[in-house]
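# Coordinates in review
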Amino acid sequence: MPTRPAGTHRGTHRGTQRADDTGGADGSGPSPRGRRSTPYLLISPGLVVLGLLFVVPLGSLLVTSLKTGSFAEGFETAVRLRNYSDALSESWEPIKRSFVFALVATVAAGAIGYPLAYVIAFRGGRYKNVLLGLVVLPFFTSFLMRTLAWKTILSDSGSITSAFDRLHLLSLFEFLHLVPDGSDRLLQTNVSVIGGLTYNFLPFMVLPIYVSLEKIDRRLVEAARDLYSGAFRAFRTVVLPLSIPGVMAGSLLTFIPAAGDFVNAELLGGPQQTMVGNRIQSRFFEQVDYPAAASLSFVLMALILIGVLLYARLLGTEELTG
Amino acid sequence: MTDQPFHAAIPRLTAERLARRAFLRRSGLMLGGVAAAPWLLAACGDDDDAGSGSPASGSPSSASGTGTVAGTGTVAISNWPFYLDADDSGDPSKGQTIPGFEAATGYDVEYDELVNDNDEWFAKYSPDLEAGNPIGLDIAVLTTWMVERLIGLGYVEELEKANIPNVANLDPSHADVAWDPGRRFSLPWASGLGGIAYNPTKTGRDITSVNDLFDPAFAGHVTVLTEMRDTLGLTMLSLGIDVTTCTLADAQAAAAKLKTATDAGQFRRATGNDYVADLITGDTWLAVAWSGDIVSAQLENPDLVWIAPDEGTMLFTDTMFIPAGAANKAGAEAWMNYVYDPAISAQIFAYSQYQSPVVGVKEEITKLDPALASNPLIFPPADVQARTFTFRTLSAEEQTEFTTLFQDVIQA
């Protein structure tokens, strides 16, 4: 799990190379028919898994999202598009909040993760693996346990909250509407939920950035320095552009799960931190309103997809594949 | 001081894992349970050598005695956490009741405490029950309104009363309910009260009213339960609404009152049973709370108090039933019979401190510890009984309406 971002990235890279090789072989002479089908055979287990575990459930979710009726009368298959407009209008606040929280958490994770990845990649030396291990280490504990630990750390009577209070940071947060007016707490506020999201998804940001920084040919940086560019300029014109694919991948890996997360809001938030994930959860389990839960899930998926497409457009699609 | 929150984190971790899906019902205070066990043993005098001896020796002394079924096979029971006496590690299968039952009847018990939430249970098992597949349970314990729904859907086996002679000990107030006339399908396991728990050192004053939950002085330090019947019920009582006859309009009025408070940031969280952990750490000052839970919590934070508010308190009853297609129906009935023995019931409720539906428990519990006979949680005094209400029966359609209304006001 923890190595997935790095693994995926490398996998993609190798895949591209292999495709090029095949192309070369094709160019040099005709290859047996069986060989051309090899990539398809290799990809077929993946396609089957994707089909069974993604496409089929998605189809069933789509059917559910359009059903009519209620738990009491039973649900009937139909095409009730109102489920979607209801989902949007009833849960607009949590949807908006989810995207704002996820965006802030992604930016925060980037701000923390980039320097961290940079230091590990360029200054890590022989401690590189140890440092990377430390980034991944929290993953050895359950997601839930780590989030719960924050409840204790940020407890009202805890030292963090009182330190923030003494440093007048609570008043600053109050001014920024991150905690309620006259608040004496961090827990069950926007600060704790966004903080929890940032913390929980930070490794997903660090690892892809690290991989892209690690790949950079150091001679390019040396060349920039030889051509009289200062340290910052070398970073801005050479390192940063070359690491953008990592930032891109990291942002997506952070933003997407953060937008759909409900654990942080459930444990570290209060009623005013309700995110769309909590809404889906309560629609499904408490209200037993499967169509509402399903249509809300689709709305979330669609909004994330739109967001990702816009983001890809903004940075250029070639950056996505690096 | 510093190790207090850490110490308290342990029960919370356990509680919260269970609590992930909101709408939790029963206590999941691991440490509370662990801590409760030695205290229980102390209360039980020299019954430390738990074994099969003590319950068995208890049964002949009781008037009705236990059934004489010589059973074989396994009885799979699923219940809420901390509803059955357990050993020091919180394991009910090593308490007194389960070994006692196994020795007395010959059945093996497979007991789990996986029921967290009525709706969650329903979401998990209803597809199989609907398809007529056995769900692998011989007894499950859910709250009355859910059992009523299951009976209506035909998911429940009819009880063979001849196998449960101890049903004669059922408290007459439970004997006949409108949704299960003559108790053909279900028997109550335990009752409890939904009221208010608070920490007087934090609130700085005594709490007596539901309206104290809405006092702006406590903003951000109040939690409410995600269980609609408790939170919405208490709010209706505070508006002078009769919860035994309430209409959707009444529910809307109460929901509006809750919504105003939610929007003003009055409520810190809407929780399942993990509200107990927040009370222990002091982050929560007052909470909508279930009576027996606070007994566990007091072991860790002796300041905590549970009260039945002046406006009234909500009664809930968790109820045993045999899910359709159960493999060992006779074993399930033997279990029901066993726990309806007053001596056994006393043993269970001395531990859980909820209210037993069995007549004669008071006499038996006095033998265990005379102090328990005057415990207001196990035996609510007359004035509390007078203001105890049961949420009226809702049709499945109303259930959806009320729940949707309620869920959306406790989530901003």
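Residues numbered from 1 in each chain as written. Chains lettered and ligands numbered in written order. Predicted model: local features only at pLDDT ≥ 70, side-chain atom pairs only at ≥ 80, totals over all residues.

### Structural notes on the overall build of chain A
What counts here: Secondary structure elements are defined from DSSP: runs of H or I of at least 4 residues count as helices, runs of E of at least 2 residues count as strands, and each element is numbered from the N terminus. Here a residue counts as buried when 20 or more other C-beta atoms fall within 10 Å of its C-beta, as exposed when 12 or fewer do, and as partly exposed in between; the C-beta atoms come from the backbone. Contact between residues is assigned whenever the C-beta positions, reconstructed from backbone atoms, fall within 7 Å.
Summing up its helical and strand segments, chain A has 15 helices and two strands in all. The burial tally for chain A puts 38% of its 322 residues in the buried class. At a minimum sequence separation of 6, the contacts of chain A that also span at least 24 residues come to 71%.

### Describing the packing of helix α13 (residues 276–286) of chain A against helix α14 (residues 290–315) of chain A
All names here are of chain A. The condition that has to hold: Orientation is described by lines fitted to C-alpha atoms, with helices fitted over the stretch in contact, and by angles between N-to-C directions that extend from 0 to 180 degrees. Relative orientations are named as follows: roughly parallel for angles under 35 degrees, roughly antiparallel for angles over 145 degrees, roughly perpendicular for angles from 65 to 115 degrees, and oblique for any other angle. For a crossing to be left-handed, the near helix must be turned anticlockwise from the far one by less than a right angle; the clockwise case is right-handed.
Contact geometry for α13 and α14: axes closest at 7 Å, N-to-C directions at 160°. Compared by their axis directions, α13 and α14 come out roughly antiparallel. The element α13 and its partner α14 pack so that their crossing is left-handed. Of the residues in α14, those touching α13 at V276, R279, I280, R283 and F284 are Y290, A292, A293, L296, S297 and L300.

### What about the environment of S295 of chain A?
Residue and element names in this part refer to chain A. On the secondary structure map, S295 appears in helix α14. A sequence separation of 15 residues divides S295 from I280, and the C-alpha atoms of the two residues are 9.1 Å apart. Excluding residues that lie within four positions of it along the chain, S295 makes contacts with S65, N83, Y84 and A87.

### So, the pairing of strand β2 (residues 108–112) of chain B
Residues and elements named next belong to chain B. Here is the rule: Two strands make a pair as long as DSSP finds a minimum of two bridges between them. The handedness rule is simple: strands pointing away from the viewer, and a clockwise path from the first strand over the helix to the second, make the crossover right-handed.
Side-chain alternation along β2 places V109 and Y111 on a buried face and D108, E110 and D112 on a face that remains uncovered. Where strand β1 (residues 74–78) and β2 come together, five bridges link them in parallel fashion. If you follow V75 over to β2, its bridge partner there is V109. Viewed along the sheet, the connection from β1 through helix α4 (residues 97–105) into β2 turns out right-handed.

### Some thoughts on the confidence of the model for chain A
All names here are of chain A. The line we're drawing: A score from 0 to 100, pLDDT tells how confident the predictor is in each residue.
Of the residues in chain A, 87% reach a pLDDT of 70 or more, and the chain-wide mean stands at 86. Across chain A, the element-wise mean pLDDT spans from 44 in helix α1 (residues 4–28) up to 96 in helix α4 (residues 92–123). Residue range residues 1–29 is modelled with pLDDT below 50. Its contacts to residues more than four positions away, or to other chains, number 19 contacts.

### A look at the interface of chain B and chain A
Rules: As a working rule, the residues Ala, Val, Leu, Ile, Met, Phe, Trp, Tyr, Cys and Pro are called nonpolar, Asp, Glu, Lys and Arg charged, and the rest polar, with Gly in that last group.
Chain B puts 33 residues into the contact, and the matching count from chain A is 33 residues. Those elements that place two or more of their residues in the side of chain B that touches chain A are α1 (3–19), α5 (118–131), β6 (267–271) and α17 (396–410) of chain B. Residues of the side of chain B that touches chain A, tallied by class, amount to 12 nonpolar, 11 polar and 10 charged.

### A word on the packing of α4 of chain B against helix α13 (residues 329–339) of chain B
Any two packed helices are characterised by how steeply their axes cross, that is the angle between the axes, and by the distance between the axes. All names here are of chain B. Two elements in contact, α4 and α13, have axes whose closest approach is 11 Å; the angle formed by their N-to-C orientations is 120°. For the crossing formed where α4 meets α13, the hand is right-handed. In this structure, α4 contributes F101, A104 and T105 to the contact, and α13 contributes A334, W335 and Y338. Residue classes in the contact of α4 with α13 are distributed as five nonpolar, one polar and no charged.

### Regarding the nonpolar core
Formally: Remark: nonpolar core denotes a set of buried Ala, Val, Leu, Ile, Met, Phe, Trp, Tyr and Cys residues whose joining runs through C-beta atoms within 7 Å.
Ranked by internal contacts, the top residues of the largest apolar core, which has 115 residues, are I196, A197, L286, A287, A289, W335 and F349 of chain B. Ignoring any residue separated from it by four or fewer positions in sequence, one finds W335 of chain B in contact with V75, I77, F101 and I139 of chain B.

### Comments concerning helix α15 (residues 361–368) of chain B
The line we're drawing: This arc is built from the directions going out from the helix axis to the C-beta atoms.
Among the residues of α15 of chain B, those classed as buried are V361, E364, I365 and L368 of chain B. Along α15 of chain B, the residues classed as buried sweep out an arc of 95° about the axis, all on the same side.

### Overview of the pairing of strand β7 (residues 286–290) of chain B
All names here are of chain B. The buried count for β7 comes to five of five residues, which makes it a mostly enclosed element. Burial along β7 is two-sided: L286, V288 and W290 facing one way and A287 and A289 facing the other are all buried. Alignment of strand β4 (residues 186–198) against β7, held across five bridges, turns out to be antiparallel. Within the sheet, the bridge partner assigned to G194 lies in β7 and is W290. Where strand β5 (residues 222–225) and β7 come together, two bridges link them in parallel fashion.

### Quick word on the environment of F122 of chain A
All names here are of chain A. By the secondary structure assignment, F122 is in helix α4. Judged by local crowding, F122 falls into the partly exposed class, with 16 C-beta atoms found within 10 Å. F122 sits 127 residues away from A249 along the chain, and the two C-alpha atoms are 20 Å apart.

### Thoughts on unusual backbone geometry
Excluding glycine, most residues fall at negative phi; most peptide bonds, likewise, are trans. All names here are of chain B. Even without glycine at this site, R183 takes up a positive phi of about 50°. Within the secondary structure layout, R183 lies in the loop between α7 (172–175) and β4. A positive phi angle, close to 55°, is found at Q353, a residue other than glycine. Relative to the helices and strands, Q353 is located in the loop between α14 (342–352) and α15. Judged by local crowding, Q353 falls into the buried class, with 22 C-beta atoms found within 10 Å.

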